[in-house]
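Residues per chain are reported as follows:
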Amino acid sequence: MFVIPMKVSCQTVGADIISTVEFNYTGDLLATGDKGGRVVIFQREQESKNRPLSRGEYNVYSTFQSHEPEFDYLKSLEIEEKINKIRWLPQQNAAHFLLSTNDKTIKLWKISERDKRAEGYNLKDEDGRLRDPFRITSLRVPVLMPMDLMVEASPRRIFANAHTYHINSISVNSDHETYLSADDLRINLWHLEITDRSFNIVDIKPANMEELTEVITAAECHPHQCNVFVYSSSKGTIRLCDMRAGALCDRHSKFFEEPEDPSSRSFFSEIISSISDVKFSHSGRYMMTRDYLSVKVWDLNMENRPVETYQVHEYLRSKLCSLYENDCIFDKFECCWNGSDSAIMTGSYNNFFRMFDRNTRRDITLEASRENSKPRAILKPRKVCTGGKRKKDEISVDSLDFNKKILHTAWHPKENVIAVAATNNLYIFQDKIN
């Protein structure tokens, strides 16, 4: 697959490291969150006859501060402002709504446009100063006058004080009225109109914390069945739950786990089997999970093993010891489906990202970097040399930069347009234009 960089957004290192990327339901808006608590929304430009080659480039639409750093005085803990997840709500009117969360607090934001302002008030002048009521001799009817377009972001709801541990997932339900939020040990179900209470639907906290053996790593609602959701664990298992079975879903309906090969057991087996992301396919028939070395596709009707397994960077298996020492082995990579569920994408190191075609079983490795990502330039496939003589275009495993990593990716819901977050740079690629 050929892809072309459309837009590169470069920011300063530190607070501007991108922590989440998400297209809205139409793909016309793309939201990113960063470690500084900011949300930046990009809007796709409409194609014009004057600029036929623009083919809908994404430009900054709105930027706002979603979360601020806080301090929990009861536990003497700092709560950082980093945006962990962003999820869009389906558009119901002219405004757009999205959920954003840091470790503790979820906020519902309204993003709206304003291009008119009222003028001709009776009780105040045009500069805003109040008029003397005794000097008003006639009544005026205020009129709406055009003004420069202004995009406003305003918080409509704040959902707080429901999570003891760090929130790792939020997911909007298919009924568009409720959503779930998950932390390390609990999953809560919220109504979008109610902020002062939520329903705890999963609680895996043991009575004695010394008996804790696993934590929740990700959770997502089914795209069509509002009663079904899944959550993954640090043990590499996935549980599918049905909220019709009981108010508390501690007993799962289905349990997905791949038996471990005893011959490949090592000190790092439990760490690399931890699932960092789980995503339902758009059809709702499959789900995809990402662990440290691979992406697996599961059929919801078959629990004992995945139907497809794709190796993302198997060449790192021999490097697990050094990856453990520099903490890279704990990196949490995300994965995503294309609009038709025929291809999947996930990130790797050295600013590489991998794409797998489910029909042809072909895969490709591409690199998102400023050096080789000039606008309109076609990306060349990259290959990693695992041993022996290195070819001209190959890169050695030993020369991979583990500080450059692509953890967050997103795929346009209808077109072959992808967004890739490489540390503090956002790359947007599209299909080759013939």
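Residues numbered from 1 in each chain as written. Predicted model: local features only at pLDDT ≥ 70, side-chain atom pairs only at ≥ 80, totals over all residues. Heavy atoms only, no water.

- Under an unreviewed UniProt entry, the chain has the name Serine/threonine-protein phosphatase 2A 55 kDa regulatory subunit B and belongs to Clupea harengus.
- Its UniProt record gives the chain the following Subunit (unreviewed entry) comment, quoted word for word: "PP2A consists of a common heterodimeric core enzyme, composed of a 36 kDa catalytic subunit (subunit C) and a 65 kDa constant regulatory subunit (PR65 or subunit A), that associates with a variety of regulatory subunits."
- According to the UniProt record, the Sequence similarities (unreviewed entry) comment for the chain reads "Belongs to the phosphatase 2A regulatory subunit B family." (UniProt positions renumbered as here; feature names shortened; annotations may be inferred.)

Considerations on the overall build of the chain
Then, in step 1: Across its full length, the chain carries 2 helices and 32 strands.
Then, in step 2: For the chain, whose C-alpha radius of gyration is 24 Å, the value lies close to the compact-globule estimate of 22 Å for 434 residues.
Then, in step 3: A principal-axis box enclosing the C-alpha atoms of the chain has dimensions of 95 × 60 × 40 Å.
Then, in step 4: Within the chain, buried positions represent 49% of all 434 residues.
Then, in step 5: Of all intrachain contacts in the chain linking residues separated by at least 6 positions in sequence, the fraction that spans at least 24 positions is 54%.
Then, in step 6: For the chain, the computed accessible surface area is about 22600 Å², with 49% contributed by carbon and sulfur atoms.
Then, in step 7: Counting 59 positive and 62 negative side-chain charges, the chain places the centres of these two groups 5 Å from one another. (Helix = DSSP H or I, 4+ residues; strand = E, 2+ residues; numbered from the N terminus. Rg over C-alpha atoms; globule rule 2.2 N^0.38 Å. Buried < 20%, exposed > 50% of the residue type's maximum accessible area, 1.4 Å probe, protein only. Contact = heavy atoms within 4.5 Å. Areas by Shrake-Rupley, 256 points an atom, 1.4 Å probe, with all protein chains shown as cover. Lys, Arg positive; Asp, Glu negative; His and termini not counted. Charge placed at Lys NZ, Arg CZ, Asp CG, Glu CD.)

Describing the sheet that holds strand β5 (residues 58-65)
Then, in step 1: Read from one edge to the other, the open sheet built from 4 strands follows the order β2-β3-β4-β5, with strand pairing classed as antiparallel. In the strand order of this sheet, the two ends are held by β2 (18-23) and β5, each with one partner. Recorded for the sheet is a direction-independent mean angle of 20° between the axes of neighbouring strands.
Then, in step 2: Direction of pairing for strand β4 (residues 38-44) relative to β5: antiparallel, over a ladder of 7 bridges. Bridged to V40 within β5 is T63. (Pairing = 2+ DSSP bridges. Axes fitted to C-alpha atoms, helices over the stretch in contact; angles between N-to-C directions.)

Things to note about the environment of F134
Then, in step 1: With respect to the helices and strands, the residue F134 is situated in the loop between β10 (106-119) and β11 (143-159).
Then, in step 2: Here F134 falls in the exposed class, since its relative accessible area comes to 78%.
Then, in step 3: In sequence terms F134 and L189 are 55 residues apart; their C-alpha atoms lie 56 Å from each other.

Quick notes on the pattern of salt bridges
Then, in step 1: Inspection of every chain in the model, using the stated rule, returns 22 salt bridges.
Then, in step 2: One salt bridge in this structure joins R44 and E415, with 3.0 Å as the shortest N-O distance. You can see R44 sitting in strand β4 and its partner E415 sitting in the loop between β30 (408-411) and β31 (417-422), a full 371 residues away along the chain.
Then, in step 3: Looking at R44, the relative accessible area reads 10%, which means it is buried.
Then, in step 4: Under the relative-accessibility criterion, E415 is labelled partly exposed at 33%.
Then, in step 5: Linking D398 and K319 is a salt bridge whose minimum nitrogen-to-oxygen distance equals 2.4 Å. (Salt bridge = Lys/Arg side-chain N within 4 Å of Asp/Glu carboxyl O.)

With respect to the layout of surface pockets
Then, in step 1: The computed volume of the largest pocket comes to approximately 1000 Å³.
Then, in step 2: Lining the largest pocket are 41 residues, with S19, K82, K332, L407 and H408 sitting closest to its centre.
Then, in step 3: Put simply, the parts of the chain that give the lining of the largest pocket at least two residues each are β2, β8 (85-88), β12 (169-172), β16 (216-221) and β20 (277-280).
Then, in step 4: Looking at the lining of the largest pocket residue by residue, the classes come out as 13 nonpolar, 13 polar and 15 charged. (1 Å grid on protein atoms, 1.4 Å probe; cavity = no way out; pocket = protein on both sides within 12 Å on 5 of 7 lines; lining within 4 Å. Points joined across faces, edges and corners; volume = space filled by probe spheres on them. Nonpolar A, V, L, I, M, F, W, Y, C, P; charged D, E, K, R; others polar.)

A look at the side chain of T101
Then, in step 1: Summarising the element assignment, T101 is placed in strand β9 (residues 96-101).
Then, in step 2: Those residues in contact with T101 that sit more than four places away from it in its chain are H67, K82, I83, N84, K85, I106, I167 and I170.

Considering the side chain of S171
Then, in step 1: One can find S171 in strand β12.
Then, in step 2: Assessed through its relative accessible area of 5%, S171 is described here as buried.
Then, in step 3: A distance of 2.9 Å separates a polar atom in the side chain of S171 from the backbone nitrogen of C221.
Then, in step 4: Ignoring anything within four residues of it in the chain, the contact list for S171 reads Y179, L180, A219, E220 and C221. (Polar contact = N/O pair within 3.5 Å; in protein donor to acceptor, adjacent residues only side chain to side chain.)

Observations concerning the packing of aromatic side chains
Then, in step 1: By the definition in use, this model includes 18 aromatic pairs.
Then, in step 2: Summarising the aromatic geometry, the rings of F23 and Y58 are spaced 6.0 Å apart at their centres and angled 65° between planes, so their arrangement reads as edge-to-face. Taken together, the positions of F23 in strand β2 and Y58 in strand β5 put the pair 35 residues apart, joining distant regions of the chain.
Then, in step 3: Y58 gets classed as buried once you look at its relative accessible area, which sits at 0%.
Then, in step 4: A network of ring pairs unites the aromatic residues F267, F268, Y324 and F330 as a single cluster.
Then, in step 5: The cationic tip of K124 hangs over the ring face of Y121; the distance from NZ or CZ to the ring centre is 4.7 Å.
Then, in step 6: Between the NZ or CZ atom of R358 and the centre of the ring of Y286, over which it lies, the distance is 4.8 Å. (Phe/Tyr/Trp six-rings, centres within 6.5 Å; stacked < 30°, edge-to-face > 60°. Lys NZ or Arg CZ within 6 Å of the ring centre and 35° of its normal.)

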